[in-house]
Amino acid sequence: MNDRTGTVVTHRRYVPYSHAHYAGNLVDGAYSLGLFGDVATEMCIVLDGDEGLFASYSDVQFRAPVRAGDVLEITATLVKEGTRSRVMDFAVHVVGRGAPSDDAPGRAEVLDPPVVATTATGTVVVPPAPLG
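Residues numbered from 1 in each chain as written. Predicted model: local features only at pLDDT ≥ 70, side-chain atom pairs only at ≥ 80, totals over all residues. Heavy atoms only, no water.

(A) Summary view of the environment of Thr7. As for its placement among the helices and strands, Thr7 is situated in the segment before strand S1 (8-14). Separated by 71 residues in sequence, Thr7 and Leu78 place their C-alpha atoms 5.4 Å apart. Apart from the residues within four sequence positions on either side, Thr7 is in contact with Met43, Leu47, Ala76, Thr77 and Leu78. Reaching out from Thr7, the side chain makes a polar contact with the backbone oxygen of Arg4 at a distance of 2.5 Å. (Helix = DSSP H or I, 4+ residues; strand = E, 2+ residues; numbered from the N terminus. Contact = heavy atoms within 4.5 Å. Polar contact = N/O pair within 3.5 Å; in protein donor to acceptor, adjacent residues only side chain to side chain.)

Rendered as structure tokens:
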């Protein structure tokens, strides 16, 4: 097995208003965790040719709100690889945010720098490599 640590998978996603759960168009934290599952699945496909299964999260941090109308960048970085386990660091960055006003209801802006909304570390497992 070659050293694949440092491999990064990135997704971008617009948060639809149908996902707003709370006042101020806030989205629940589980939304970010679901996105982490998506990038972890792609990481496992890239590295192992299998979707893998999530085993655990650790050190989940909700650092800033995610709102409907946000454009998110979600990354998974491989930090440790065992025989069947893959440990990844995850981050959700808000790279764009809706900023509607009465005279421009579709107004939005790019955030520079992006806002770190959620971070976590997670472990996934993949099937054993085929023999031969």
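(B) Representation of the side chain of Thr118 within the structure. Considering the arrangement of structural elements, one finds Thr118 in strand S5 (residues 108-125). Judged by relative accessible area, which is 1%, Thr118 ranks as buried. Here Ser32 takes part through its side chain, which lies 3.1 Å from a polar atom of the side chain of Thr118. Setting aside residues up to four positions removed in sequence, Thr118 forms contacts with Ser32, Phe36, Gln61, Phe62, Phe90, Ala91 and Val92. (Buried < 20%, exposed > 50% of the residue type's maximum accessible area, 1.4 Å probe, protein only.)

Keep in mind that these numbers describe shape and distance, not what the molecule does.
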